[in-house]
Amino acid sequence: MLKKDLRLIYSERRKNLTPQKISDLSLSLANLLLKLPIWNYSYYHLFLSITEKKEVDTSFIMSILQGKDKNILLPKMLDDQNLINFLLTDNTIIKKNHWNIPEPVDGIEVPPEKIDVVFLPLMAFDLEGHRVGYGKGFYDVLLQKCKPDVIKVGLSLFEAEEKIMDINPQDIPLNYCVTPDRIHSF
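Values in this document were obtained by computation on a predicted structure and should not be read as measured data.

Novice: I keep staring at the pairing of strand β10 (residues 151-155) and nothing clicks. Help me out?
Specialist: Side chains on a regular strand alternate between the two faces of the sheet. Counting buried positions along β10 yields 5 of 5 residues, so the element is predominantly enclosed. Here β10 shows no split at all, with Ile 151, Val 153 and Leu 155 on one side and Lys 152 and Gly 154 on the other all buried. As judged from the 4 bridges shared by strand β7 (residues 117-120) and β10, these two strands associate in the parallel manner. Bridge assignment links Val 117 to a residue of β10, and that residue is Ile 151. In this structure, β10 lies alongside strand β11 (residues 176-178), joined through 3 bridges in parallel fashion. From the neighbouring strand, Gly 154 faces β11, where its bridge partner is Cys 177.

This is the structure in structure tokens:
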């Protein structure tokens, strides 16, 4: 399927999810994440969920990271397709931007080369590890700036599609995608 078609299909599928269902699925997903071999690192990039878009609730993952005393990096969007990463601290103030995405106002910036693990939002993914995001390219730009061995973990409330047909050369595949029911390794 094509990315534009997948965005429409999965946007519709998300609309049918209740807040309780999203919470239940997100908790199952977070519990499966514990089985991944990613917990010996220091810097973890974690997006904050857009509740209006019915994304995976990443608060459970944040609790895991805090419990393991990891450095959590939160993204802030710039207008030029760039994300900057701020270290989550007790003083971090979160506000929604003009796209309704929660993000830190400011803080201690950490360069992308320091990131060990990136948790990626997505609309859909396929059995080859390719993902479909919202189409703005922010994560494509971020991943190009990360070190080559950064671990890329997609988070999906739904299972994989067979194949995304219109993959671009700049699309960087995932290492893992975790759903509420299983871990996909690529």
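Novice: Would you mind going over the pairing of strand β3 (residues 83-87) with me for this structure?
Specialist: Of all 5 residues in β3, 5 are buried; the element is thus mostly enclosed. Residues Leu 83, Asn 85 and Leu 87 point to one face of β3 and Ile 84 and Phe 86 to the other, with burial holding for every one of them. Sheet topology note: the strand β2 (residues 71-77)/β3 ladder contains 5 bridges and is antiparallel. Across the sheet, Leu 73 pairs through a bridge with Leu 87, a residue of β3. Where β2 folds back onto β3 in an antiparallel hairpin, the turn is made up of 5 residues, including Gln 81, whose phi is positive at roughly 70 degrees. Taken together, the 2 bridges between β3 and strand β6 (residues 109-110) define a ladder with antiparallel strand orientation.

Novice: What is the right way to read the environment of His 45 from this model?
Specialist: Topologically, His 45 is positioned in strand β1 (residues 43-45). If sequence neighbours within four positions are ignored, His 45 has contacts with Leu 73, Pro 75, Leu 83, Asn 85, Ile 115, Val 117, Val 118, Phe 119, Tyr 139 and Leu 142. A distance of 2.8 Å separates the side chain of His 45 from the side chain of Asn 85, its partner in a polar contact.

Novice: When you look at the pattern of salt bridges in this model, what are you seeing that I'm missing?
Specialist: By the definition in use, this model includes 7 salt bridges. Of the charged contacts, one joins Lys 15 and Glu 12 as a salt bridge, the two residues approaching to 3.0 Å between their closest N and O atoms. Here Lys 15 and its partner Glu 12 are both found in helix α1 (residues 3-15), 3 residues apart, which amounts to about one turn of the helix. Judged by relative accessible area, which is 44%, Glu 12 ranks as partly exposed. Lys 76 is the partner of Glu 103 in a salt bridge, and the nearest nitrogen-oxygen pair spans 3.7 Å. Of this pair, Glu 103 sits in strand β5 (residues 102-104) while Lys 76 is found in strand β2, placing the two residues 27 residues apart along the sequence. Accessibility classification places Glu 103 together with Lys 76 in one group, the buried group.

Novice: So what exactly am I meant to see when it comes to the nonpolar core here?
Specialist: One recurring pattern in soluble globular proteins is that nonpolar side chains are buried together. Core analysis: the largest hydrophobic core is formed by 57 residues, its most contacted members being Leu 33, Ile 61, Phe 119, Val 153 and Leu 155. The biggest single contributor to this core is helix α2 (residues 19-33), with 6 residues. The residues touching Leu 155, leaving out its near neighbours within four places in the chain, are Leu 29, Leu 33, Phe 47, Val 56, Thr 58, Ile 61, Phe 119, Leu 120, Leu 122, Cys 177 and Val 178.

Criteria and thresholds
Residues numbered from 1 in each chain as written. Predicted model: local features only at pLDDT ≥ 70, side-chain atom pairs only at ≥ 80, totals over all residues. Heavy atoms only, no water. Buried < 20%, exposed > 50% of the residue type's maximum accessible area, 1.4 Å probe, protein only. Helix = DSSP H or I, 4+ residues; strand = E, 2+ residues; numbered from the N terminus. Pairing = 2+ DSSP bridges. Contact = heavy atoms within 4.5 Å. Polar contact = N/O pair within 3.5 Å; in protein donor to acceptor, adjacent residues only side chain to side chain. Salt bridge = Lys/Arg side-chain N within 4 Å of Asp/Glu carboxyl O. Core = buried A, V, L, I, M, F, W, Y, C linked by side-chain atoms within 4.5 Å.

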